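Residue strings, one per chain:
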Amino acid sequence: MASLRTAFRLPGLAKVATRQNAFASNAIRAYATKPQGLKDRLRELIPEKREEVKKVKAEFGDKVLGETTVDMAYGGMRGIKGLIWEGSVLDANEGIRFRGLTIPDCQKALPSAEGGEEPLPEGLFWLLVTGEVPTTEQVRGLSAEWAARAELPSFVEELLDRCPTSLHPMSQLSLAVTALQHDSQFAKAYQEGVHKNDYWDTTYEDSMDLIAKLPNIAGRIYQNVFKNKGKVAAINPNLDYSANLANLLGFGDNKTFVELMRLYLTIHSDHEGGNVSAHTTHLVGSALSDPYLSFAAGLNGLAGPLHGLANQEVLRWLNKMDEELKGDFSDQAIKDYIWTTLRSGQVVPGYGHAVLRKTDPRYSCQREFALKHIPKDRLFRLVSQVYTIAPGILLEHGKTKNPWPNVDAHSGVLLTAYGLTEQDFYTVLFGVSRGLGVLSQLIWDRALGMPLERPKSYSTAAIKTMFAKK
């Protein structure tokens, strides 16, 4: 097998390893003797996939994929079929499938940490990139590589340290990711005239560097904003991605919280290509913006209250309910509270989904985690009760196509149960996870030569004229 430096082209590898500690260097050297790495496997798959796409376009290129209506155009392009997304597909009744695997499939098939049960997000990333379930050794190698790439440039650390604590954590995350563009290998290679067939190579390198650095960014933001600029832990090259993230947040001693991070990062990673953060990353990347600029744009979309901030709204609604009901968690009291919410013109946060028409499997696996680890938690019991009551009320109300809970109905309650109560930080964790999905797709966008995205638009006057003629 080629050396690690040759296989992964880690710039300044020895320097990084030395600056972190001797353990990182040992982990990297050990990985060099292990089975085929992710980039080597990807290099083999790309020609096969290019040929497959070529055949699909030749055979089915003139087939109708869907129909677009005026309502879809005015409704935010809801339901329009017009994107290619390799990593996952969302079925209205079945939920998300990552490369054909459901969440329960992933929990069974993907490697877990020694002594753990939840899938490691490193394994999910490998699956998203290759379509293949990795071995335990391959996942450990990916953990070691991300640890070796995790160090932040000093100017990015200083930039974050100088941010006012009043600046929203998502703004700080976007700021740091944008600043990392300073070292983009793709941007440099493009300026030097690299052949388009090789765009994927430096896109891969940038994506791996960025994913590796996200826990360090998130940890620094958390310590600065919520812990009075507390000390940021060092990346431990012997730990997996989620365990390092938990350490950086100050919760690494809680093994169950570490397991929660593994589950959280896995299930929030990807949700096909039409959601705001995924589509935005893809759209900006289609202009050949590098992964840093593309993902920063996706993060800005994720920061919106109709996307990544939704879990905060759920928790605030539950806390307000808890406060106003004063311990009366009877079915009738909860029914009355839900009806009050609806009659005031508000929605029940955490219920409904743009695509799903059943309970979100991501909600279900979080519920199973809570039943196993925190069955007596006060807010979890309230969430469970709302789960049995809200769908019936929403059906009776008649203004929602999907009365079932989505992923946001549960995640904030789990984080709160383990002491991570700072709600403004929750979407940062979502952002760390979402990087796995959108950047794995961005690698394939460049490998397959996906073009600039440029759909056609119409004005209201043009639509009126168009149909008046008919």
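The shown structure was predicted, so the numbers you read here are calculated from the model rather than taken from an experiment.

*Asks:* I'm lost on the packing of helix H4 (residues 38-60) against helix H22 (residues 426-447) in this one. Help?
*Replies:* Two quantities define a packed helix pair, namely the angle between the axes and the distance from one axis to the other. Running from amino to carboxyl end, H4 crosses H22 at an angle of 55°, the nearest separation of the two axes being 10 Å. Taken together, the axis directions place H4 and H22 in an arrangement best described as oblique. Here the hand of the crossing between H4 and H22 comes out right-handed. Facing H4, whose interface residues are Leu42, Leu45, Ile46, Lys49 and Arg50, H22 presents Ile443, Trp444 and Ala447. The residue makeup of the contact of H4 with H22, split by class, is six nonpolar, no polar and two charged.

*Asks:* Please explain the environment of Ser174 as it appears in this structure.
*Replies:* Here Ser174 is to be found in helix H10 (residues 169-179). Overall, the relative accessible area of 7% leaves Ser174 in the buried class. It is 9.2 Å that separates the C-alpha atoms of Ser174 and Leu293, two residues lying 119 residues apart in sequence. In this structure, Ser174 is in contact with Ala296, Leu299 and Asn300, ignoring residues within four places of it in sequence.

*Asks:* I'm lost on the UniProt feature "active site" (unreviewed entry) in the protein chain in this one. Help?
*Replies:* UniProt annotation of "active site" (unreviewed entry) refers to His307, His353 and Asp408 when read in the numbering used here. Spanning 102 residues, the named residues nonetheless gather at one spot, since no C-alpha pair among them exceeds 10.7 Å. As for its position among the elements, His353 is in the loop between helix H18 (331-343) and helix H19 (361-373). On the basis of relative accessible area, His353 is assigned to the partly exposed category, the value being 23%. For Asp408, a relative accessible area of 10% corresponds to the buried category. Setting aside chain neighbours within four positions, we find Asp408 in contact with His307, Ala310, Asn311, Val314 and Phe430.

*Asks:* I would appreciate a short explanation of the environment of Arg262 in the present structure.
*Replies:* Looking at the secondary structure, you find Arg262 in helix H14 (residues 255-267). Take Arg262: its relative accessible area is 8%, and that puts it in the buried class. C-alpha of Arg262 to C-alpha of Glu422: the two residues are 160 residues apart in sequence and 19 Å apart in space. Aside from chain neighbours lying at most four places away, what touches Arg262 is Ala113, Glu118, Pro119, Leu120, Pro121, Asp240, Ser242 and Ala243.

*Asks:* How should I be thinking about the pairing of strand E1 (residues 88-91) in this particular structure?
*Replies:* Remember that side chains alternate between the two faces of the sheet whenever the strand is regular. Burial along E1 is one-sided: Ser88 and Leu90 are buried, while Val89 and Asp91, pointing the other way, are not. Here four bridges tie E1 to strand E2 (residues 95-98), and the two strands are oriented antiparallel to one another. Bridged to Asp91 within E2 is Gly95. The antiparallel pairing of E1 with E2 creates a hairpin that spans three residues between the two strands.

Calculation notes
Residues numbered from 1 in each chain as written. Predicted model: local features only at pLDDT ≥ 70, side-chain atom pairs only at ≥ 80, totals over all residues. Heavy atoms only, no water. Axes fitted to C-alpha atoms, helices over the stretch in contact; angles between N-to-C directions. Helix = DSSP H or I, 4+ residues; strand = E, 2+ residues; numbered from the N terminus. Parallel < 35°, antiparallel > 145°, perpendicular 65-115°, else oblique. Left-handed = near helix turned anticlockwise from the far one by under 90°. Contact = heavy atoms within 4.5 Å. Nonpolar A, V, L, I, M, F, W, Y, C, P; charged D, E, K, R; others polar. Buried < 20%, exposed > 50% of the residue type's maximum accessible area, 1.4 Å probe, protein only. UniProt positions renumbered as here; feature names shortened; annotations may be inferred. Pairing = 2+ DSSP bridges.

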